[in-house]
Amino acid sequence: MRGVVWAVIRREYLQRVRSRWFVIATLAAPILMLALIVIPAVMANQGSNADRAIVVLDRTGGLYDRVEAGLDRAGYSVQRAPETPDAEEALARRVEIGDLGGFLVLDDATLSRGEARLVTSSRPSLVRQVAIQQVFVQAAVAVRLGGDDASLGALLNGGDLKLELLSDGGAGVNDPAFAASYIGAFLLYMTILLYAVSVMRSVLEEKTSRVVEIVISSMRPDQLMLGKILGVGAVGLTQLAIWGLAGTLIIAAGIPALLAANPAFSQLSELREFMPGLGYLGLFVVFFLGGYFMYSGLYAAVGAMCNTDEEAQQAQMPVIFLLVIPIIFVTQVIDNPNAPLSVALSLVPLFSPILMFARAATGAAPFWQVGLSVVGMVVAVVVIAWVAGRIYKVGILMAGKRPTLPELFRWVREA
């Protein structure tokens, strides 16, 4: 039996990984991620050094030091202009000939109303305008209120609410964890659906082409179904592993390159603190496998009982609803992970791959609930495999109209 199943696994795996679309889809995600890092760096370097050079004309007598430090962190080369009667005219001529990117005029209006003038030869991007405005406004507030720049900067940036949950041993749950749980849950939904549908299409393709009649002569239907599910699942794990490794390498090498290209992206260095760890990746793999085996069994049964793509599209709707329901509730579950409804929904085996992962990724789900959901998924996989195997055994060789629900019960009872 092992040799027969292994032959099916090998065929399903090699047939897909050697296809043109698998290569394109596998390479597209890393290339897109690389583009999101490289393109901003290239655009940041498009301007000449003169565009990054800015002169500050400080007529307040007390803002220059703070403004210089802020603009330096934003990636500008800052110089101080001496106060002379024709200072602005001289600086304007330097801007016109391209020797200077622009100059910033600070005066009494900057201290009183947070207003300043930026003189340039071309309109800067909105991001640059906001960055420069934030620098001199923060400097003006610091001068008027007193205190150190670090404390005032943290205050002006909105502060920070640190949440401590006594039920979780004082561990804080922050926004990046919630974002990571939502992104991971959505990826689970997409990957489970994608690869489970691949199983259905593989079954339907062999059934409609009559190839299955030849294959069944040398193996049992349950062996063929198991081989297909394991083979397509191996393809999914391969693709996810390539994406994960490529993403890690791109971020690890891309963030330093982006920082070197433009110091204004200094906040990106903080992203490393929120990169998924081994525990997060382990949870993702466990719930992906659980969800994939459950839904691939259902989709294999759908493919076996249908005769055309149109029939399969209609028959798979109840299965899609089972995947859509947890996606509808995932935001509420992440927002309130320990509510009774959130706990109950996440323990439903068909919903656990998405909802329990979302709760576990935030650290809100106790270990025993995660373990219980895994046990529930294992039991569901066995039950679904038993039911789907009997539908598959009869339906794979059946032709004609799609069976009704009573006929499916009869297939399960008599197979």
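Please read these numbers as outputs of a predicted model, since none were measured by experiment.

Reading the values: the criteria
Residue numbers here run from 1 along each chain, matching the order of that chain's written sequence. Whole-chain, interface and lining totals are the exception, using all residues; otherwise, since this is a predicted model, local features are given only for residues with pLDDT of at least 70 and side-chain atom pairs are given and counted only at 80 or more. Excluding hydrogens and water, the side-chain figures rest on all heavy atoms present in the structure. Exposure categories follow from relative accessible area, calculated using a 1.4 Å probe and restricted to protein chains: below 20% of the type maximum is buried, above 50% is exposed, and the middle band is partly exposed. Runs of H or I in DSSP of at least four residues are treated as helices and runs of E of at least two as strands, each being numbered from the N terminus. DSSP bridges decide pairing: two strands pair if at least two such bridges lie between them. If you view a crossover with the strands going away from you and the path from the first strand over the helix to the second runs clockwise, you call it right-handed. Aromatic pairing here means that ring centres of Phe, Tyr or Trp (its six-membered ring) are within 6.5 Å. Orientation follows from the plane angle: under 30 degrees is stacked, over 60 is edge-to-face, and everything else is tilted. Contacts are assigned to residue pairs with any non-hydrogen atoms lying within 4.5 Å of each other. What makes a nonpolar core is a set of buried Ala, Val, Leu, Ile, Met, Phe, Trp, Tyr and Cys residues whose side-chain atoms join them at distances within 4.5 Å. The rule for a salt bridge is simple: a side-chain nitrogen of Lys or Arg has to be within 4 Å of a carboxyl oxygen of Asp or Glu. Inter-axis angles, ranging from 0 to 180 degrees, are taken between N-to-C directions of lines fitted to C-alpha atoms, where helices are fitted over the stretch in contact.

Novice: Honestly, the pairing of strand β1 (residues 53-58) in this entry has me stumped. Any pointers?
Specialist: On a regular strand, one side chain projects to one face of the sheet and the next to the other, so that they alternate. In terms of burial, β1 is a largely internal element, six of the six residues being buried. Burial along β1 is two-sided: Ala53, Val55 and Leu57 and Ile54, Val56 and Asp58, pointing in opposite directions, are all buried. With four bridges joining them, β1 and strand β2 (residues 77-80) adopt parallel strand pairing. Within β2, the residue paired with Ile54 across the bridge is Val78. Crossover connection from β1 via helix α3 (residues 64-73) to parallel β2: handedness right-handed. Pairing of β1 with strand β3 (residues 102-106), which is carried by five bridges, proceeds in the parallel orientation. Bridge pairing links Val56 to Leu104 in β3.

Novice: Please explain the packing of aromatic side chains as it appears in this structure.
Specialist: For any two aromatic rings, the description comes down to two numbers: the centre-to-centre distance and the angle of the planes. Taken as a whole and judged by the stated rule, the model has six aromatic pairs. When the centroid spacing of 6.3 Å and the interplanar angle of 85° are considered together, the rings of Tyr195 and Phe288 count as edge-to-face. A residue pair is termed long-range when its members are at least 10 positions apart, and Tyr195 in helix α8 (residues 175-208) and Phe288 in helix α11 (residues 278-305) qualify at 93 residues. Accessibility expressed as a relative area gives 1% for Phe288, which makes it buried. Grouped by ring-pair contacts, the aromatic residues Tyr195, Phe288, Tyr292 and Phe293 constitute a single cluster.

Novice: In this structure, what is going on with the side chain of Arg16? I would like to understand it.
Specialist: Position of Arg16 among the secondary structure elements: in helix α1 (residues 2-17). What makes Arg16 buried here is its relative accessible area of 18%. Sequence-distant contacts of Arg16, defined by excluding residues within four places in its chain, comprise Phe22, Ser198, Ser202, Val232 and Val235.

Novice: Please clarify how the nonpolar core should be interpreted in this entry.
Specialist: The tendency in soluble globular proteins is for nonpolar side chains to be buried as a group. Among the nonpolar cores identified, the biggest contains 63 residues, and Tyr299, Met305 and Phe357 are the most heavily contacted of them. For this core, the secondary structure elements donating two or more residues are α8, α10 (221-261), α11, α12 (309-315), α13 (317-335), α15 (352-361), α16 (367-395) and α17 (405-414). Here this core takes 13 residues from α11, the largest share from any one element. Residues contacting Tyr299, with those up to four places away along its chain left out, are Leu193, Ala196, Val197, Met200, Gln316, Val319 and Ile320.

Novice: I would appreciate a short explanation of the pattern of salt bridges in the present structure.
Specialist: If charged atoms from side chains of opposite charge come close, those side chains can pair. Overall, the coordinates contain seven salt bridges when judged by the stated rule. Across the pair Arg11 and Glu12 runs a salt bridge whose closest N-O atoms are separated by 3.1 Å. Of the residues examined, Glu12 reaches a relative accessible area of 1% and is grouped as buried. Note that Glu12 is salt-bridged to Arg16, the shortest N-O span being 2.4 Å. Remark: Arg16 and Glu12 occur in helix α1; sequence separation between them is four residues, near one turn of the helix. In the salt-bridge network here, residues are joined through shared partners; they are Arg11, Glu12, Arg16 and Lys228.

Novice: Explanation requested: the environment of Ile242 in the structure shown.
Specialist: Within the secondary structure, Ile242 sits in helix α10. The partly exposed category is assigned to Ile242, whose relative accessible area is 36%. Put simply, Ile242 and Ala29 are 213 residues apart on the chain and 9.8 Å apart in space, counted from C-alpha to C-alpha.

Novice: What's the story with the sheet that holds β3 in this structure? I'm lost.
Specialist: Hydrogen bonds between backbone groups are what pair the strands of a sheet, and the pairing can be parallel or antiparallel. Across the sheet, which stays open at both edges, the four strands sit in the order β2-β1-β3-β4 with mixed pairing between neighbours. Taken across any chain shown, the strands that pair with only one partner, and hence form the sheet edges, are β2 and β4 (117-120). Strand-to-strand, the axes of this sheet are offset by a mean angle of 25°, without reference to chain direction. Those strands touched by α3 are β1, β2 and β3, and its axis lies near 160° from that of β2.

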